[in-house]
Structures are given as C-alpha cells and as structure tokens.
Amino acid sequence: MAYWLMKSEPDVFSFDDLVVKTAKGEAEEWHGVRNYAARNNMRAMQVGDEAFFYHSNIGKEIVGIMRIVAPAHPDSTADLNARGEVVWECVDVQSVKPFPRPVTLAEIKATPALETLELVKLSRLSVSKVSAEEWALLLKMGGLEP
DNA sequence: GCCAACGTTGGC
DNA sequence: GCCAACGTTGGC
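Everything in this summary refers to the structure shown in the same document. Bear in mind the structure is a predicted one, so any value in this text is a computation, not a measurement. (Residues numbered from 1 in each chain as written. Chains lettered and ligands numbered in written order. Predicted model: local features only at pLDDT ≥ 70, side-chain atom pairs only at ≥ 80, totals over all residues. Heavy atoms only, no water.)

## Observations regarding the overall build of chain A
Thought 1: From N to C terminus, chain A includes 5 helices and 6 strands.
Thought 2: Along its sequence from the N terminus, chain A presents helices and strands in the succession β-α-β-α-β-β-β-α-α-β-α.
Thought 3: On C-alpha atoms alone, chain A measures out to a radius of gyration of 15 Å, which is about the 15 Å that the 2.2 N^0.38 rule sets for 146 residues.
Thought 4: Its C-alpha atoms give chain A principal-axis dimensions of roughly 45 × 35 × 30 Å.
Thought 5: In chain A, buried positions account for 45% of the 146 residues.
Thought 6: The long-range fraction of contacts in chain A, counting pairs at least 24 apart against all pairs at least 6 apart in sequence, stands at 71%.
Thought 7: Total accessible area on chain A stands at roughly 7700 Å², and carbon and sulfur atoms take up 51% of it.
Thought 8: Averaging the coordinates of the 16 positive side-chain charges in chain A and doing the same for the 21 negative ones gives two points 4 Å apart. (Helix = DSSP H or I, 4+ residues; strand = E, 2+ residues; numbered from the N terminus. Rg over C-alpha atoms; globule rule 2.2 N^0.38 Å. Buried < 20%, exposed > 50% of the residue type's maximum accessible area, 1.4 Å probe, protein only. Contact = heavy atoms within 4.5 Å. Areas by Shrake-Rupley, 256 points an atom, 1.4 Å probe, with all protein chains shown as cover. Lys, Arg positive; Asp, Glu negative; His and termini not counted. Charge placed at Lys NZ, Arg CZ, Asp CG, Glu CD.)

This is how it looks when you write it as structure tokens:
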C-alpha cells in the first residue's frame, strides 16, 4: 500500500465537507488537478491507498486521513485535448479519520526527519508521495496511533 | 499584496 | 528545440 498527500483549499472543499459526504455513503471525485506530475501520482494510486488531507492557504495543516476508493478515471470537469483525448484524470476518495491535533506546515518544516517530504520540497505539487516512515511520523504528530 | 518557484506557451 | 514571457500556486 502506498501513501499520498493531497491539497485542497478549505474554503473550496474542506476535510469536513468530505466527512459529510462519506457519512452519506458518497465518494468525492478529486477533480480539478491540471498538472502532469500530480496526475501521474493519481494514476499510480490503488484502491485502499491512504492519503493525508492538507488544507492549503487557510490553515496550512494536515487535518485528516482519507482513502482512495476508486482508481484514476477521466475528470468530467476537464476539456479534451485537440485530438479529443482525455488528458486529466481523478481518483475518488472518502474520509477515514480526522487528526485529533492538526499538523501545521510550520511544524513539518521544523522537523528534520520531514525535510525530504515532497510537500516541503515540491511546494506547488498538489498531489504528492509520502514514504512509509514519513506517514508513521506524521500520524504520531497528529495524535493517531499507527 | 508580494514574490519565489515552476509549469506552459509561443516565437524564432 | 530553445528560451523569454507569462500565468499559477501557495507561503509569507
């Protein structure tokens, strides 16, 4: 199983919005990604993989965990390219658990063991990879047991 | 509101 | 295929 981190601006779509949808038995299409590296990461995701939900701009913190419930499929909100091909894709996600204590970007940057986190190194990438070691540490920092 | 980082576009 | 110009993201 692989681990990921996905960003969303909470005033557009927050972790709480995802919790509400999940409680209704619905999944959220992670649409709107228009960056090849981020898309490639979504293509590499498998059902059952887990991802951190990061609030960008407002909060700047990891607020919870979600699970990939459907593999990458065409993003219905995206235009086709000149050849009529699908370029942009998205996965479907559901919430798993909120962090009892959100982990802020400032804390992450102040933690030497997290210097290699893609969120820090590739700050503009909206869908990034998280190693098993980074995942375990961030879970602990967020107040959850591995 | 500013700016750094970086991706994309388009002229050559 | 290079590179300058421009747009976007996202932290500060």
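## A closer look at helix 5 (residues 132-141)
Thought 1: Among the residues of helix 5, E134, W135, L138, L139 and M141 are the ones counted as buried. Taken around the axis of helix 5, the buried residues stretch over an arc of 160°, which confines them to a single face. Relative to its buried face, helix 5 has exposed residues pointing more than 90 degrees away, namely E133 and K140.
Thought 2: Here the buried face of helix 5 lies against strand 1 (3-8), strand 3 (50-55), strand 4 (61-74), strand 5 (89-104), helix 3 (105-109) and strand 6 (127-130).
Thought 3: Looking one or two residues past helix 5, G143 carries a phi angle of roughly 90°, positive in sign. (Arc of directions from axis to C-beta.)

## A short note on the protein's contact with DNA strand C
Thought 1: Every residue close to DNA strand C is listed here: K7, Y54, N57, K60, L105, K109, S123, R124 and S126.
Thought 2: Near the protein, within 4 Å, the atoms of DNA strand C are sugar or phosphate in 83% of cases.
Thought 3: R124 places a side-chain nitrogen or oxygen 3.0 Å from a base oxygen of DNA strand C. (Near = heavy atom within 4 Å. Polar contact = N/O pair within 3.5 Å; in protein donor to acceptor, adjacent residues only side chain to side chain.)

## Details of the side chain of S14
Thought 1: Along the polypeptide, S14 turns up in the loop between strand 1 and helix 1 (15-23).
Thought 2: Those residues in contact with S14, other than ones at most four positions away along the chain, are F53 and H55.

## Overview of the packing of aromatic side chains
Thought 1: Overall, the coordinates contain 8 aromatic pairs when judged by the stated rule.
Thought 2: Aromatic rings pair up to connect Y3, F52, F99 and W135 into one cluster. (Phe/Tyr/Trp six-rings, centres within 6.5 Å; stacked < 30°, edge-to-face > 60°.)

## Points about the environment of A110
Thought 1: Among the secondary structure elements, A110 is positioned in the loop between helix 3 and helix 4 (118-121).
Thought 2: Each C-alpha atom of the pair A110 and L122 lies 16 Å from the other, and the pair is 12 residues apart in sequence.

## Examining the nonpolar core
Thought 1: By size, the foremost hydrophobic cluster in this structure holds 20 residues, and its most contacted members are M6, W30, M42, M45, F53, M66 and V91.
Thought 2: Breaking this core down by element, the ones donating at least two residues are strand 1, helix 1, helix 2 (36-44), strand 3, strand 4 and strand 5.
Thought 3: Those residues in contact with M42, other than ones at most four positions away along the chain, are M6, W30, V33, A72, E89, C90, V91 and V127.
Thought 4: I65, L117, L139 and L144 belong to the second-largest nonpolar core, a separate cluster that totals 19 residues. (Core = buried A, V, L, I, M, F, W, Y, C linked by side-chain atoms within 4.5 Å.)

## A short note on the sheet that holds strand 6
Thought 1: Here we have 6 strands laid out as an open sheet, ordered 2-5-4-3-1-6, and mixed in their pairing. In the strand order of this sheet, the two ends are held by strand 2 (28-29) and strand 6, each with one partner.
Thought 2: As paired elements, strand 1 and strand 3 share 6 bridges and run parallel to each other. Note that in strand 3 the partner of S8 across the bridge is H55.
Thought 3: The sheet strands contacting helix 1 are strand 2, strand 3, strand 4 and strand 5, and the helix crosses strand 5 at an angle near 120°. (Pairing = 2+ DSSP bridges. Axes fitted to C-alpha atoms, helices over the stretch in contact; angles between N-to-C directions.)

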